[in-house]
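Close look at the chain arrangement
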Amino acid sequence: QVQLVESGGGLVQPGGSLRLSCAASRSIFSFYVTGWYRQVPGKQREFVATITSSGSISYVDSVKGRFTISRDNAKNTMYLQMNSLKPEDTAVYSCFAKGHSGSDFWGQGTQVTVSS
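Reading guide: rules and limits
Residues numbered from 1 in each chain as written. Predicted model: local features only at pLDDT ≥ 70, side-chain atom pairs only at ≥ 80, totals over all residues. Heavy atoms only, no water. Helix = DSSP H or I, 4+ residues; strand = E, 2+ residues; numbered from the N terminus. Buried < 20%, exposed > 50% of the residue type's maximum accessible area, 1.4 Å probe, protein only. Pairing = 2+ DSSP bridges. Axes fitted to C-alpha atoms, helices over the stretch in contact; angles between N-to-C directions. Contact = heavy atoms within 4.5 Å.

Now for unusual backbone geometry. One non-glycine residue, N76, adopts positive backbone phi at about 50°. Looking at where N76 falls in the secondary structure, it is placed in the loop between β7 (67-72) and β8 (77-82). A positive phi angle is found at S84, which is not glycine, with a value near 50°. In this fold, S84 is placed in the loop between β8 and β9 (91-98). The partly exposed category is assigned to S84, whose relative accessible area is 41%.

Here we come to the sheet that holds β7. Strand order in this open sheet of 4 strands is β1-β3-β8-β7, and the pairing throughout is antiparallel. Of all strands in the sheet, those bounded by a partner on one side alone are β1 (4-7) and β7. Pairwise comparison of adjacent strand axes, ignoring direction, gives a mean angle of 15° for this sheet. In this sheet, β8 lies alongside strand β3 (residues 18-24) in antiparallel orientation, the contact comprising 6 bridges. Along β8, the bridge assignment pairs A23 with T77.

This next bit is on the environment of Q108. The residue Q108 is located in the loop between β10 (104-106) and β11 (110-114) in this model. Exposure remark for Q108: the relative accessible area of 52% places this residue in the exposed category. The sequence separation of Q108 and V5 amounts to 103 residues, and the corresponding C-alpha distance is 6.7 Å. Beyond its immediate stretch of four places on either side in the chain, Q108 contacts L4, V5 and E6.

Looking now at the pairing of β3. Burial runs high along β3: 5 of the 7 residues are buried. Pairing analysis gives 4 bridges linking β1 to β3, with the strands arranged antiparallel. In the sheet register, V5 faces β3, and the bridge partner there is A23.

This part takes up the pairing of β7. Of the two faces of β7, only one is covered, namely that formed by F67, I69 and R71; the face formed by T68, S70 and D72 stays uncovered. Bridge analysis of β7 against β8 gives 6 bridges, and the strand direction is antiparallel. Looking at β8, one finds that S70 is bridged to Y79. The antiparallel pairing of β7 with β8 creates a hairpin that spans 4 residues between the two strands, and N76 there sits at a positive phi of about 50°.

Purely geometric stuff here, so don't read any function into it on its own.
Okay, here's the thing in structure tokens:
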């Protein structure tokens, strides 16, 4: 069973930065794709960013130029660096991983609140 554990969420003022981490119980490179989603209560979960095993990266338009997804295989960890945060970035952020067999794995989520 794969475990994903997020950390790094919190309260930050508009314009500030946070770095989310997602620690996996096995090599990040063993997954077909890993990434981040976010969800606001009452709304559908929204794709934020993904990175494939080959290194291809995608972002939702609203975070392009502000967020950066990366990974460190030595630490079995994926990151989401979030800069120039806006109130509309407030959400629960969850990391996910999809195995080559098609199985999906999710972390428990971490709250990010952007407010003055």
